[in-house]
Amino acid sequence: MLEAHKLALNHRLRGVCTKIAAGRVTAICGPNGAGKSTLIRLLAGVLEPTGGEALMDGVRLRDMHPRARAREVGYLPQEPQIAWDVSARNLVSLGRLAHGDARREPVDAALAAMGLEALADRPVSTLSGGERARVLLARVLAGEPRCILADEPFASLDLAYQASLAQHLRTQAHEHGRAVVVVVHGLSLAHNLADRVLLLNDGLLHAEGPPEYALSPENLRAVFGVEAHWLGEPGAKVLSLAAGDA
Amino acid sequence: MSRASAILLAALLLAIPLSLVAGRTWVFGIEESRAMLIIAELRLPRALLAVTVGAGLGAAGAAMQGYLRNPLADPGLFGIAPGAALGAVLSFSFGLAASGWLLPILSLAGAGAAMALLALLAGRGGGIALFTLAGLMIASLAGALTSLVISLAPNPWALSEIVTWLMGALTDRSWADVMLAAPMTLAGIVVLARAAPALDALTLGEDAARSMGVDMEKLLMLLVAGVGLTIGSGVAVAGIIGFVGLMVPHIVRPLTDRRPSSLIVPSALGGALLVLVADSVLRMLPLVGELRLGIALSLIGAPFFLWLLLRLRRGGTLGLT
């Protein structure tokens, strides 16, 4: 489906190859400045690469019409500032922009999927941070894209909202067959959320695979310079940290 | 039609006939042929020009605030109005203004030059920050050149004409001015309305808008064209009239659902109403000369701006989140 081929942007990302699969949650992890946001923005077609290509079903994103691309790839930026105090429904309706229609059903379905029916007519300024995060994801869902890309959607959410948002993202991948890509800072969250992890370091893909492999103690030592190991059952993993020498 | 548009349209349709009969001379109680002459040749073109200029300012203000995601944006800040003013001032300086047609044409040329420069500087990539900076610089440059032309004015009469014209007014305008400004303003509002869905997408920022399929370069071109047509033609026939583009979207916004796209047509109607009422009231004031429209609106506008800032200080929201 979505594919990075030697994807590069100046010195920030230096040639990343990977394939994003449908029906799975892929987490992009790595230290600050590793190129996580750059990679997801290139995959969303928001940035144009200086080298390599981002491809959708073999077609270069930059060759697609912006609206055709937008119908396939939904992108949730990192902590977007909502400029005007519109209603939740109006914000979610923006998801239909690339389709050029004002159909109510996808908007209603997206509001329902995020449990926002009761809040639909409220101005977004009256919503809590967690409710707002759900509205923003509902906006992406209303566009019915095949890929959902989210840049740190968990930042500034409390634990309960993190858990509920993680569940929503997993449902979108596993039950609706969408490709879900999420930039995640918290490695425990990434481990429990994702089916697959891309571990970036210094603009390059350091490791890629199931979380237990990509986030292995060896890889964490190499990338973050910390000694750490995993505790707990699959699906409830916790990272145990020892003081590193980095 | 939205509720806001309906209310404002009704008010406008009420205000136009009132403005035709009102003035220093009321049309009641004078000879019928004189009354008809006053209405047909003076008041009707003047009223239509007020509606045209106000509509252009209101719509352009609403679009610029949506584009810059900033409720304090005024279309006059971005080079096009100062460019148009420079063109007009040049026509006075070279003694060309007397011919009637050359002033608006040079003024439109000034607006066009400012638009071309804006598009050239900010077009590639279509970034908002670049647009803002380029616009401010063009405005500064045009302002400086205008001052230069004024300081080099060939004689005191040209100087006085320039200064008076810059204050903005609708006195002694004719049907020719209406014919020039109305089609261009209408075209400009249509262009801005076409940009409206993309402005809605910008509610979530540039990145999100791009991801929703908004072509930022095309949006910038639509805005430059739309603002250029409305503001350029407005300045060409009426001089600089400030603050309408800033004030009107604010007054209208609470009547709408606050989406930028919902604001453009009501702001056009609101701007038309404000300029028409202000102009009609001004010509009735018992002053020796007539208070210039541009000055009067700035006298209302500047305190309004200060009040906005006070509300911001007190934690108000200006319709923002």
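Just so we're clear, the structure is a prediction, and the values are computed from it rather than from any experiment.

1. Looking at the overall build of chain A
Regarding its fold elements, chain A presents nine helices and twelve strands. Taking 2.2 N^0.38 as the reference for a compact globule, 246 residues should give roughly 18 Å; the C-alpha atoms of chain A span a radius of gyration of 18 Å, in line with that estimate. Overall size of chain A, expressed as C-alpha extent along the three principal axes, is 55 × 40 × 30 Å. Looking at chain A as a whole, 53% of its 246 residues are labelled buried. Counted over contacts in chain A with a minimum sequence separation of 6, partners at least 24 positions apart contribute 65%. A total of about 10200 Å² of accessible surface is found on chain A, and carbon and sulfur atoms cover 49% of it. Here chain A carries 26 positive and 27 negative side-chain charges, and the mean point of each set is 5 Å from the other.

2. Focus on the state of the cysteines
Residue and element names in this part refer to chain A. This structure, assessed with the given rule, holds zero disulfides over all chains. Here cysteine 17 is not cross-linked by a disulfide; its sulfur's nearest cysteine counterpart is in cysteine 147, at 18 Å. Left without a disulfide partner, cysteine 29 is nearest to the cysteine sulfur of cysteine 147, which lies 18 Å away.

3. Quick notes on the sheet that holds strand S2 (residues 13-20) of chain A
Residues and elements named next belong to chain A. An order of S2-S1-S4-S5 is seen for the four strands of this open sheet, with the pairing classed as antiparallel. Where the open sheet ends on each side, the last strands, each with one partner, are S2 and strand S5 (59-60). In this structure, strand S4 (residues 51-56) lies alongside S5, joined through two bridges in antiparallel fashion. Looking at the pairing, methionine 56 lines up with valine 59 of S5. The sheet strands contacting helix H1 (residues 36-44) are strand S1 (2-9), S2 and S4, and the helix crosses S1 at an angle near 125°.

4. Describing the environment of serine 33 of chain B
All names here are of chain B. Its location among the elements puts serine 33 in helix H2 (residues 32-68). The spatial distance from the C-alpha of serine 33 to the C-alpha of glycine 56 is 33 Å, given a sequence separation of 23 residues. Side chain to side chain, serine 33 and glutamate 31 meet in a polar contact 3.2 Å long.

Definitions and cut-offs
- Residues numbered from 1 in each chain as written.
- Chains lettered and ligands numbered in written order.
- Predicted model: local features only at pLDDT ≥ 70, side-chain atom pairs only at ≥ 80, totals over all residues.
- Heavy atoms only, no water.
- Helix = DSSP H or I, 4+ residues; strand = E, 2+ residues; numbered from the N terminus.
- Rg over C-alpha atoms; globule rule 2.2 N^0.38 Å.
- Buried < 20%, exposed > 50% of the residue type's maximum accessible area, 1.4 Å probe, protein only.
- Contact = heavy atoms within 4.5 Å.
- Areas by Shrake-Rupley, 256 points an atom, 1.4 Å probe, with all protein chains shown as cover.
- Lys, Arg positive; Asp, Glu negative; His and termini not counted.
- Charge placed at Lys NZ, Arg CZ, Asp CG, Glu CD.
- Disulfide = S-S within 2.5 Å.
- Pairing = 2+ DSSP bridges.
- Axes fitted to C-alpha atoms, helices over the stretch in contact; angles between N-to-C directions.
- Polar contact = N/O pair within 3.5 Å; in protein donor to acceptor, adjacent residues only side chain to side chain.

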